[in-house]
Amino acid sequence: MTTIGILGAGRVGTAVARQAMKAGYDVKIATAKPAEEIRMIVDIVTPGAQAVEASEAASQELVILAVPLHKYRTVDPELLAGRTVIDVMNYWAPVDGVIADFEQADLGSSEVIQQYLAESHVVKSLNHIGYHELEEDDQPSGAQGRRALALAGDDARSKAVVAEFIDRLGYDAIDAGPLAAGRAYQPGTDIFNGSHSAEQLSALLEAALQPSHV
Ligand SMILES: NC(=O)c1ccc[n+]([C@@H]2O[C@H](COP(=O)([O-])OP(=O)(O)OC[C@H]3O[C@@H](n4cnc5c(N)ncnc54)[C@H](OP(=O)(O)O)[C@@H]3O)[C@@H](O)[C@H]2O)c1
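Residues numbered from 1 in each chain as written. Predicted model: local features only at pLDDT ≥ 70, side-chain atom pairs only at ≥ 80, totals over all residues.

Naming follows an unreviewed UniProt entry, where the chain appears as NADP oxidoreductase of Enteractinococcus helveticum.

As structure tokens, this is what we get:
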């Protein structure tokens, strides 16, 4: 895969776009607006990325979903059917407002997104690194103390695609398990609040995913 799609051209979407291009990917990026309306800003903020309609960004095998969580229902699930979707979104009530869908204690935000995108393979990742850090903390594979990022999802093939993507972005990819395991690195958790090597992240995930915690 050489081309990725990104839905959302805000802080996270544009940071992922630049980092992905640095890693050699071609990037198609979209917002809810017509491509023509964002072309100029995309050329300035993410030079080299192609501003497209949301339908074209969503037609790539790997799509990064980087819209504000409270707007998730403005994304058309049909466009993403069959795709691997990295859900970078976080539920943060002070910003998003209280959203009943995400107040269910027994369901992580990405599990709610998976229910909405029922025909897609949702993988939770890139949510626990600041958008500004994404372009600063990358290191080549094998570097001492390389920062690690978790991924969780229910489809093995999609997780392999995402793991390769994370590695190419400059981070160790740690498989946390099924999508429900993503609750271990939502806002408010130790993992969310820090920066960790693969060894540290694996230990934190193991502790957080003890049966009594999930
Ligand atoms: N800030 C961080 O460091 C960080 C890190 C990891 C994850 N996150 C999470 O990532 C998500 C995005 O955050 P952000 O700071 O990048 O948001 P942001 O700066 O507000 O950007 C959101 C982007 O989504 C676009 N958008 C809205 N609805 C859309 C739709 N239906 N289809 C396509 N694009 C759409 C917006 O454009 P239009 O409205 O013009 O269409 C805008 O370009 C949030 O859930 C946040 O919690 C944030």
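**Re the overall build of the chain**
Convention followed: We count a stretch as a helix when DSSP gives it H or I for four or more residues in a row; a strand needs E for two or more, and each element gets its number in order from the N terminus. This radius of gyration counts C-alpha atoms alone. The globule rule is 2.2 Å times how many residues there are, raised to the power 0.38. Buried, partly exposed and exposed are defined by the number of other C-beta atoms within 10 Å of a residue's own C-beta, namely 20 or more, between the two limits, and 12 or fewer respectively, with C-beta atoms placed from the backbone.
In terms of helices and strands, the chain carries seven helices and eight strands. A globule of 214 residues ought to have a C-alpha radius of gyration of about 17 Å, and the chain, at 16 Å, matches this closely. Taken along its principal axes, the extent of the C-alpha atoms in the chain is 50 × 40 × 35 Å. Residues counted as buried form 46% of the 214 residues belonging to the chain.

**Notes on the site of the ligand**
Stated formally: A residue counts as near a molecule or strand when its C-beta atom, positioned from the backbone, falls within 6 Å of it. Gly counts as polar in this scheme, as do all residues outside two lists: the nonpolar Ala, Val, Leu, Ile, Met, Phe, Trp, Tyr, Cys and Pro, and the charged Asp, Glu, Lys and Arg.
Around the ligand there are 26 residues in total, and G8, G10, T31, A32 and M89 lie nearest to it. For the shell around the ligand, the element with the most residues is helix α1 (residues 11-22), which contributes three residues. For the shell around the ligand, the class distribution of residues is 15 nonpolar, eight polar and three charged.

**Quick word on unusual backbone geometry**
At L126, a position not held by glycine, the phi torsion is positive, near 60°. Position of L126 among the secondary structure elements: in the loop between β6 (121-124) and β7 (148-153).

**Remarks on the environment of G13**
Convention followed: Contact criterion: two residues are in contact if their C-beta atoms, reconstructed from the backbone, are within 7 Å.
Along the chain, G13 turns up in helix α1. Sequence separation of G13 and V67 is 54 residues, and the distance between their C-alpha atoms is 8.0 Å. Those residues in contact with G13 that lie beyond four places of it in its chain are I6, G8, I29, I64 and A66.

**What about the sheet that holds β7?**
Here is the rule: For two strands to be treated as a pair, DSSP must find at least two bridges joining them. Note on definitions: angles span 0 to 180 degrees between N-to-C directions of axes, and those axes are lines fitted to C-alpha atoms, for helices only across the stretch in contact.
Pairing in this open sheet of eight strands is mixed, and the strands run β3-β2-β1-β4-β5-β6-β7-β8 from one edge to the other. Two strands in the sheet have a free side with no partner beyond their single neighbour: β3 (50-51) and β8 (172-177). Sheet strands in contact with helix α5 (residues 109-116) are β5 (84-87) and β6, and its direction is about 165° off that of β6.

**Concerning the UniProt feature "domain: Pyrroline-5-carboxylate reductase catalytic N-terminal" (unreviewed entry) in the chain**
Quick note on the threshold: UniProt positions are given in the numbering used here, feature names are shortened, and annotations may be inferred rather than shown by experiment.
Here the UniProt feature "domain: Pyrroline-5-carboxylate reductase catalytic N-terminal" (unreviewed entry) sits at residues 3-91. The distance from the first to the last C-alpha atom of residues 3-91 is 28 Å, and the span holds 30% helix and 22% strand.

**Observations regarding the environment of D43**
Here D43 shows up in helix α2 (residues 35-45). You can call D43 partly exposed: it has 13 C-beta atoms within 10 Å.

**Looking at helix α6 (residues 156-169)**
Put simply, the rule reads: Expected span, for any helix, means 1.5 Å times one less than how many residues it has. Read the arc as the range of directions from the helix axis to the C-beta atoms.
With 14 residues, α6 should reach 20 Å at 1.5 Å per residue; the first-to-last C-alpha distance of 20 Å fits that figure. Burial in α6 covers these residues: S158, K159, V162, F165, I166 and L169. The arc enclosing the buried residues of α6, seen along the axis, measures out at 120°, which places them on a common side. Facing away from the buried side of α6 by over 90 degrees, the exposed positions are A156 and R157. Residues of α6 that are buried in the fold lie against α1, β4 (62-65), β5, β6, β7 and β8. Phi turns positive, to about 115°, at G170, one or two residues after α6.

**Examining the pairing of β7**
The condition is simple: Handedness of a crossover is defined as follows: orient the strands so they point away from the viewer, and if the path from the first strand over the helix to the second runs clockwise, the crossover is right-handed.
By the criterion of burial, β7 is predominantly enclosed, with six of the six residues buried. Bridge count between β6 and β7: two bridges; the pairing is antiparallel. Bridge pairing in β7 links V123 to G153. Where β7 lies against β8, five bridges are found, and the strand directions are parallel. What sits directly across from A152, in β8, is G177. Since β7 and β8 lie parallel, the crossover through α6 that links them has a hand, and here it is right-handed.

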